[in-house]
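Single-letter residue listing:
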Amino acid sequence: MKVSERGVLDRRSFVKGMLAAGATVTVAACAPIVTTPGPAAPAGPPTIAGPAWIHPKSLVRAAPGYGGAHLTWKVGDTLKWLPPEKFPADEAADALAKLPKTKLSEMYSKMLRIRFWFTVWKDITLTKPEPTMYRGLFGRCGQEAIPVGVSANLTNADYVATTHAGDHDLLAKGVDLKAFAAEALYRTTGPAHGYGGVMHMSDLKVGILASEGIVGHSGPMAAGAAWAAKVKGTGQVSVAYTGDGAMQSRHLFNSIRSAANYKLPALFVLEQNFFSSGGVAGMLSPSPYMADYTTGLGIPTVVVDGNNVAQVYAAAKDAVDRARGGDGPTFLECLTQRWYDHSGWSGAKAGTDGAFSMPYRTDEELKTWMSREPILRYGIFLVDRGLSTQSELDALKATAKKEMDDAVDFARSSPEPKAEDGVKKVYPTGVVPATQFYGHPVVE
Amino acid sequence: MPVTSRAFAMLQAIQYEMQRNPLMVYTRQNSIGTATRADGKSINMLTEFGLNRVLARGGQAIDEDWMANSSIACAIASQAPAIVTLPGMTTLYPIEFVFNTMAAWNHISGGEARCPVVLNLSDGGRSSGSGQQHSHVGEISMYANIAGVKVVAPHKVYDVKGLMHAAIRDGGPVIIFTSGGEASADVPDEPFVVPIGKAQILQEGTDITIASLPPATLEVEKALPELAKAGIKAEFFDPRTVKPFDEEALIKSVTKTKRLLVVSHGHYTNDFSSHIIAVAAQAVSGAKFYKITFPDAPSPGSGPMVKWMTPDAPKIIEAAKKLIG
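Caption draft 1: Up close: the overall build of chain B. Secondary structure summary: chain B contains twelve helices and 15 strands in total. A compact globule built from 325 residues would reach a C-alpha radius of gyration of about 20 Å, and chain B, at 20 Å, matches this within 12%. Based on the C-alpha atoms only, the size of chain B along its principal axes is roughly 60 × 45 × 40 Å. Across chain B, every contact between residues at least 6 apart in sequence was considered, and the portion connecting residues at least 24 apart equals 79%.

Below you can see the structure in the form of structure tokens.
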């Protein structure tokens, strides 16, 4: 049998061969059998950026010296992923150092803004709580480098979707600090006018699609926005931030799968702080690395030190360039640690950093992570490389603190929404009757 | 006017709107969106609009959750309508994202971010042999309770097309149940809008108001001639919109007839028929009310069982007569 160069089975030679072999052949009129050449052999495993000790090369076995996560996790085990004191002198650090000084300072300021957002609200809540504020703020001091490193590659036109515990993600994307503070106190001057609160809101003018309360929702939100970007053809990209717990959600995994299938311009950033709500990520999952869930999809899967803003920046830059170029999504897992409890200020004190006496983490463990925190290490990098001086950094810190204090004042002096506005804004058009009253009046 | 099937009417409305707004998207499972009318006119959504806008490469992933979720997000990002058509038995699959995000988003964002999604579901009806997981009717009532969505359920093919146009132009999330009901009819080729929130009287009468949603509407239609022969002047009330329900029109009808029979093929407890009765009962004193529905039992595969359990024309006629007394 002859198979032509184009892979089309030559019927004539096939029949001739069969006849020669003694077969009785009846040839019915039909289209040629086309065997297209198989797809090119897939490229090797996706590149893993970051230090080799962070991610195992195999999908199946656990990290060296670690054992099956869900069987052997002990309190204190997060220290196996502790980063070094300083940024390694790697390609990522060099890439970051090349950025203009204004950008480097802006990134430093953004990280401070996030730090003060949480510490100022903490101190207020633990001394004289704001009556209109939801007490369960999600303190993410320690995770500042992740959204700041990612956002350094984004513009206002790019989309971000995050969790209800994503204040740091929203601030890094560029929500106005004063408006954000007002929303935290449910005032009309917030981006959602006091309806949603910071846990669920949009701010489309800076590309914030949504923060949402349902774990895993940010995956499809970002993927759907990436779909919109693809339709528009503008080269916009879309970023989903999630925590480690979200990898257990069908929403997140399925959106990564479909983003891969349709090559949607998305970046899935997973903030791995090892604790999923009150539980332990390594006990909820057969693998401690959430990246192990996505390597099989054939998309670039990267694990970095999430307390190293250079590594986050560089990995995100690759991913954003890939997405803008039409090459589809990337999964970026950033290892880090949060200083406070999942929600609320249990174990914390006004005027002191960190939440101690947590059942899932030793005090020594937290203090060690805090000594490798992102703002400290970024500052060391900037000074070591001569990109900034300590006094410049101190000045940025003072400015950031003042901005936060001003934001709180703005929020406190902003008006609350009218109670009867609760039945408004349900639909873009049409009103909802106030059925809590006899007569079900329509309140205009 | 050309004879048009429900499927064609629905698709033609979507096609028209998508031709005029390049940011609109459409996705569905199991097919790329095709329909052919009796006169030969045909629609093929994938070839007309391309894979970017019709995210269904031969059909979408068998993941109705993803289909709805991504459409919801796409609509919020582009602020342009996104349309999702889901197959029969998966009606409740995306309910979590609908409940928590699609319905809530206009309100959550303080009106800053609309969610212009048309979710096209099936309350398709039952047939012999389908069995419990393939015979869903009544999910309308579950979606109706979600705060923030509008829900429409057209019986007539004309209303399928007109309400689909209205739903797309609404700017907010609308759930449209397009299967069940009149199979085909003469429908104009041009676009037109049937307003959301307006019921209609399909047959006027003075003795009894019979209100029904598809697919039960087909059985009501079969019952009407028999009722007329028995001297009963029935008023056939077609809500068309489930939420916001046309309370004024229903109250007007029941005030006239003083008898309301609601026929539903959904399951008894908390079916939408309960809400229809509550609306009328609050406003019309001295009237009599009754509802006949499929029982609070899953729909079996055995044809005779299903037929016996369904409020069909003979049972409707009997109930109407008993209500009149």
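Caption draft 2: Region of interest: the overall build of chain A. In terms of helices and strands, chain A carries 14 helices and nine strands. Taken over 444 residues, chain A has a buried fraction of 48%. The contacts of chain A with a sequence gap of at least 6 include a subset with a gap of at least 24, amounting to 73%.

Caption draft 3: View of the interface of chain B and chain A. Contacts between the two partners involve 35 residues from chain B and, on the opposite side, 38 residues from chain A. The element best represented in the side of chain B that touches chain A is helix α3 (residues 64–78) of chain B, accounting for eleven residues. Its residues assigned to classes, the side of chain B that touches chain A comprises 13 nonpolar, 15 polar and seven charged.

Caption draft 4: Quick peek at the environment of valine 150 of chain A. Along the polypeptide, valine 150 of chain A turns up in helix α5 (residues 145–151). With sequence-adjacent residues up to four places away left out, valine 150 of chain A is seen in contact with Val239, Val269, Val312 and Ala316 of chain A.

Caption draft 5: Summary view of the packing of helix α9 (residues 247–257) of chain B against helix α10 (residues 272–283) of chain B. Residues and elements named next belong to chain B. Contact pair α9 / α10: the axes reach a minimum separation of 9 Å and the direction vectors enclose 65 degrees. Note that α9 runs across α10; the crossing there is right-handed. Listed contacts from α10 to Glu247, Leu250, Ile251 and Val254 of α9 are Ile276, Val279, Ala280 and Ala283. Classifying every residue of the contact of α9 with α10 gives seven nonpolar, no polar and one charged.

Caption draft 6: Fine view of the domain arrangement of chain B. Residue and element names in this part refer to chain B. For chain B, the assigned domains read domain 1 (3–186) and domain 2 (200–324). If you look at the interface, domain 1 gives 23 residues, while domain 2 gives 24 residues. Secondary-structure elements contributing two or more residues to the side of domain 1 that touches domain 2 are α6 (139–144), β7 (150–152) and α7 (157–170). Class assignment for the residues of the side of domain 1 that touches domain 2 results in eight nonpolar, twelve polar and three charged.

Caption draft 7: Local environment of the sheet that holds strand β13 (residues 241–243) of chain B. Residues and elements named next belong to chain B. With mixed pairing, the six strands of this open sheet are ordered in space as β2-β5-β6-β8-β7-β13. Every interior strand has two partners, whereas the edge strands, β2 (25–28) and β13, have only one. Along the sheet, successive strands turn relative to each other by an average axial angle of 20 degrees, direction set aside.

Caption draft 8: Examining the environment of glutamate 204 of chain B more closely. Structurally, glutamate 204 of chain B can be placed in the loop between β10 (200–203) and β11 (208–212). On a C-alpha basis, the gap between glutamate 204 of chain B and alanine 249 of chain B in space is 13 Å, while along the polypeptide they are 45 residues apart.

Caption draft 9: Highlighting the sheet that holds strand β12 (residues 234–238) of chain B. Residue and element names in this part refer to chain B. Sheet architecture is open: five strands sit in the order β10-β12-β11-β14-β15, paired in mixed fashion. At either end of the open sheet lies a strand with only one pairing partner, and these are β10 and β15 (288–294). The average angle at which neighbouring strand axes cross in this sheet is 25 degrees, direction not considered. Both β11 and β12 contribute to a ladder of four bridges, which runs parallel. Directly across from isoleucine 210, in β12, lies its bridge partner phenylalanine 236. Packing of α9 onto the sheet brings it into contact with β10, β11, β12 and β14 (259–267), and relative to β11 it is tilted by some 145 degrees.

Conventions adopted
Residues numbered from 1 in each chain as written. Chains lettered and ligands numbered in written order. Predicted model: local features only at pLDDT ≥ 70, side-chain atom pairs only at ≥ 80, totals over all residues. Helix = DSSP H or I, 4+ residues; strand = E, 2+ residues; numbered from the N terminus. Rg over C-alpha atoms; globule rule 2.2 N^0.38 Å. Contact = placed C-beta atoms within 7 Å. Buried ≥ 20, exposed ≤ 12 C-beta atoms within 10 Å, placed from the backbone. Nonpolar A, V, L, I, M, F, W, Y, C, P; charged D, E, K, R; others polar. Axes fitted to C-alpha atoms, helices over the stretch in contact; angles between N-to-C directions. Left-handed = near helix turned anticlockwise from the far one by under 90°. Domains from an automatic or database assignment. Pairing = 2+ DSSP bridges.

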